[in-house]
Protein chains: 2
Amino acid sequence: MARAGRRPGQTETREAILAAARERFGTHGYDGTTIRAIAADADVNPALVHHFFGSKDKVFAAAMHLPVDPAVMVGTILDGPRSGVGERLVRLFLMLWETPQPRAAFFGLLRSVSTNEQAATMMRQFIQRAVLAKVATELGVPPLRVTGMAAQLFGLALVRYVVKVEPLAGASHDEVVAMIAPVLQGYIGG
Amino acid sequence: MARAGRRPGQTETREAILAAARERFGTHGYDGTTIRAIAADADVNPALVHHFFGSKDKVFAAAMHLPVDPAVMVGTILDGPRSGVGERLVRLFLMLWETPQPRAAFFGLLRSVSTNEQAATMMRQFIQRAVLAKVATELGVPPLRVTGMAAQLFGLALVRYVVKVEPLAGASHDEVVAMIAPVLQGYIGG
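Residues numbered from 1 in each chain as written. Chains lettered and ligands numbered in written order. Predicted model: local features only at pLDDT ≥ 70, side-chain atom pairs only at ≥ 80, totals over all residues. Heavy atoms only, no water.

1. Some points on the packing of aromatic side chains
All names here are of chain B.
Then, number 1: Throughout the structure, instances matching the rule amount to 20 aromatic pairs over all chains.
Then, number 2: Summarising the aromatic geometry, the rings of Tyr-30 and Phe-126 are spaced 5.4 Å apart at their centres and angled 75° between planes, so their arrangement reads as edge-to-face. One end of the pair, Tyr-30, is in the loop between helix H1 (10-28) and helix H2 (35-42); the other, Phe-126, is in helix H8 (residues 117-139), and 96 residues separate them in sequence.
Then, number 3: Judged by relative accessible area, which is 2%, Phe-126 ranks as buried. (Phe/Tyr/Trp six-rings, centres within 6.5 Å; stacked < 30°, edge-to-face > 60°. Helix = DSSP H or I, 4+ residues; strand = E, 2+ residues; numbered from the N terminus. Buried < 20%, exposed > 50% of the residue type's maximum accessible area, 1.4 Å probe, protein only.)

Here is the structure:
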């Protein structure tokens, strides 16, 4: 959608949908929320929610200020040789974690899942349905191993950016890739 | 020290030392705090702090309610064949994370480092000086690789116990060990 094509009121409608979505996902979880219910809460036609966002995943990503569209992440993983999956994943996340806006969104999420059971439930269901299941299917890797990769990646964020333990906090991207990429590759090759 | 041997007032003295230690570590960091300064703040002789706790590491562990004495952790890593380090580490942490008191302490720490810069600084200095440096020296592994192991272990806690992503959240200890132990072993063998 080109910005120039927006009618007055579209921004307000979009914000009303996102506010309704945050409320619904918060009270009913990711699994218990439908686009139809969000539309009813926002008092708009469900077709408009589809028009603005395209899918429940994308409404969730926008409502939660997710730092990365899951479809982009899955695309990054699959776009290129399988032997480069580990390196592409590490470089994607290092880039996200070091770019101000996605960085703030990611660490805001980390704080909320650590302190708020409702936020943890939403993220759990979303990660399971929208990310891990897709990655597992596309790569042909057992879901348990995909959660092991997720643990390595999120632990990297925790140690490098939150607790900032040296020498990991100050290591260059190439040093981090040289260490972590083969570990992720082991998860998908094992 | 046998409980029966305690004179009246020892518990109060011990608590006064721990309160002074929490305050000092909080304002001066781990590196900037000495047993002498803690003793002065608590108005006791430094020898008494040594008598109660033995070392600055141990005062810190007690003051922060750390779920594991770093000396015990290093001992676990070294007590047995090198080929079993990964499995011993995973089993030690699964046990800690599933035992009520250390579990609560661990997840309390995770929340505080995610939300409080001062807590993150204390933990960073402590982990660097009292844990990582020792493990790196004892195993003869570069410190960067030890931080990679820490990232895998803490990420396991985050995904399995905090966000509770399936199938990792419901996997048995043996399944977790089968997946994570070889990864940790790779860090020390590589």
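Once the structure has been displayed, the description carries forward.
2. A closer look at the interface of chain A and chain B
Then, number 1: In this assembly, 38 residues from chain A lie in contact with 38 residues from chain B.
Then, number 2: Between chain A and chain B lies a buried interface of about 3,200 Å² when both sides are counted; carbon and sulfur atoms form 72% of it.
Then, number 3: On the surface where chain A and chain B come into contact, there are 2 salt bridges.
Then, number 4: Note that Glu117(B) and Lys164(A) form a salt bridge whose closest N and O atoms lie 3.6 Å from each other.
Then, number 5: The interface formed by chain A and chain B holds 6 residue pairs in polar contact (both at pLDDT 80 or more) in total.
Then, number 6: Per-element accounting of the side of chain A that touches chain B gives the leading share, 14 residues, to helix H9 (residues 143-162) of chain A.
Then, number 7: When grouped by side-chain class, the residues that make up the side of chain A that touches chain B number 24 nonpolar, 7 polar and 7 charged. (Contact = heavy atoms within 4.5 Å. Buried area = accessible area lost by both parts, 1.4 Å probe. Salt bridge = Lys/Arg side-chain N within 4 Å of Asp/Glu carboxyl O. Polar contact = N/O pair within 3.5 Å; in protein donor to acceptor, adjacent residues only side chain to side chain. Nonpolar A, V, L, I, M, F, W, Y, C, P; charged D, E, K, R; others polar.)

3. Re the nonpolar core
Then, number 1: Counting residues in hydrophobic clusters, the biggest one holds 145 residues, and the most contacted among them are Phe60(A), Trp97(A), Met123(A), Phe60(B), Trp97(B) and Met123(B).
Then, number 2: Those residues in contact with Met123(A) that sit more than four places away from it in its chain are Phe60(A), Met64(A), Leu66(A), Leu109(A), Val113(A) and Val163(B). (Core = buried A, V, L, I, M, F, W, Y, C linked by side-chain atoms within 4.5 Å.)

4. A short note on the pattern of salt bridges
Residues and elements named next belong to chain A.
Then, number 1: Tallied over the full model, the rule gives 14 salt bridges over all chains.
Then, number 2: Two residues, Lys-134 and Asp-57, come together in a salt bridge whose shortest N-O distance is 3.0 Å. Placement of Lys-134 in helix H8 (residues 117-139) and of Asp-57 in helix H4 (residues 56-63) is noted, with a sequence separation of 77 residues between them.
Then, number 3: Owing to a relative accessible area of 15%, Asp-57 belongs among the buried residues under this scheme.

5. Structural notes on the relation of the copies chain A and chain B
Then, number 1: Its rotation angle being 180°, the transformation that places chain A on chain B also includes 0.0 Å of axial translation and leaves an RMSD of 0.0 Å. Such a combination of rotation and displacement between the chain copies is what one expects of a two-fold axis. Within chain A, Gly155(A) has its C-alpha nearest the rotation axis, a separation of 1.8 Å.
Then, number 2: Most of the interface of chain A is mirrored in chain B, where 100% of its interface residues are also at the interface. (Least-squares fit on C-alpha atoms with pLDDT ≥ 70 in both.)

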